[in-house]
Amino acid sequence: MTSVRVCAIDDLAVNEASRFVLEGVPIAVVKDAAGDVFAIGDTCTHGDISLAEGFVEDDTLECWAHGSMFSLKTGKPLTLPAYEPVPVYQVELKDGDVHIDPAVTLAV
């Protein structure tokens, strides 16, 4: 499978997560203050909650329900109660658009 256009880079609000479902895979996409774009699995591994409804702080996305913070770079939980990581997806920026292949996760 090849990467799929998700949205325009300018459609992403800075330091907020947006939820997209690509090929049945829920993904949270975040653009940070430096303009870097990250994509991680949108489902909290602790409580089956959408991470895109959470809070972005620095390079983390915090689940609003129980406070687990996940690294946007590695998908690893940095705080309990979650202890399992979420997948991380490669982001390609092409002609002002965000592209992600939902079938390929990064080994981090």
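Residues numbered from 1 in each chain as written. Predicted model: local features only at pLDDT ≥ 70, side-chain atom pairs only at ≥ 80, totals over all residues. Heavy atoms only, no water.

By the naming in an unreviewed UniProt entry, the chain goes by Non-heme iron oxygenase ferredoxin subunit and is assigned to Agromyces fucosus.

Novice: What should I look at first to understand the pattern of salt bridges in this one?
Specialist: Pairing between side chains becomes possible if they bear opposite charge and their charged atoms approach one another. One pass over the full model with this rule turns up three salt bridges. Note that Asp-42 and Arg-19 form a salt bridge whose closest N and O atoms lie 2.6 Å from each other. One end of the pair, Asp-42, is in the loop between strand S4 (37–41) and strand S5 (55–57); the other, Arg-19, is in strand S2 (residues 17–22), and 23 residues separate them in sequence. On the basis of relative accessibility, which here comes to 1%, the residue Asp-42 falls in the buried class. What makes Arg-19 partly exposed here is its relative accessible area of 47%. (Salt bridge = Lys/Arg side-chain N within 4 Å of Asp/Glu carboxyl O. Helix = DSSP H or I, 4+ residues; strand = E, 2+ residues; numbered from the N terminus. Buried < 20%, exposed > 50% of the residue type's maximum accessible area, 1.4 Å probe, protein only.)

Novice: Teacher, can you tell me more about the UniProt feature "domain: Rieske" (unreviewed entry) in the chain here?
Specialist: Summarizing the sequence annotation, UniProt attributes the feature "domain: Rieske" (unreviewed entry) to residues 4–100 in the numbering used throughout. Helix makes up 0% of residues 4–100 and strand 44%. Its end C-alpha atoms lie 5 Å apart. (UniProt positions renumbered as here; feature names shortened; annotations may be inferred.)

Novice: Teacher, can you tell me more about the sheet that holds S5 here?
Specialist: Sheet strands associate in pairs through backbone hydrogen bonding, adopting either a parallel or an antiparallel arrangement. With antiparallel pairing, three strands are arranged side by side in an open sheet as S5-S6-S7. On the outer flanks of this sheet lie S5 and strand S7 (69–71), each paired with one strand and no other. When strand polarity is set aside, the average angle formed by the axes of neighbouring strands in this sheet is 25°. Summarising the sheet, S5 and strand S6 (residues 60–62) pair through three bridges and their orientation is antiparallel. (Pairing = 2+ DSSP bridges. Axes fitted to C-alpha atoms, helices over the stretch in contact; angles between N-to-C directions.)

Novice: Help me understand the pairing of S4 in this model?
Specialist: Each regular strand displays side chains that alternate between the two surfaces of the sheet. Judged by how many residues are buried, S4 sits mostly within the fold: five of five residues are covered. The pairing of strand S3 (residues 25–31) with S4 spans five bridges and is classified as antiparallel. The residue of S4 that forms the bridge with Ala-28 is Ile-40. Here S3 folds back onto S4, and the loop between the two strands holds five residues, one of which, Gly-35, carries a positive phi near 90°.

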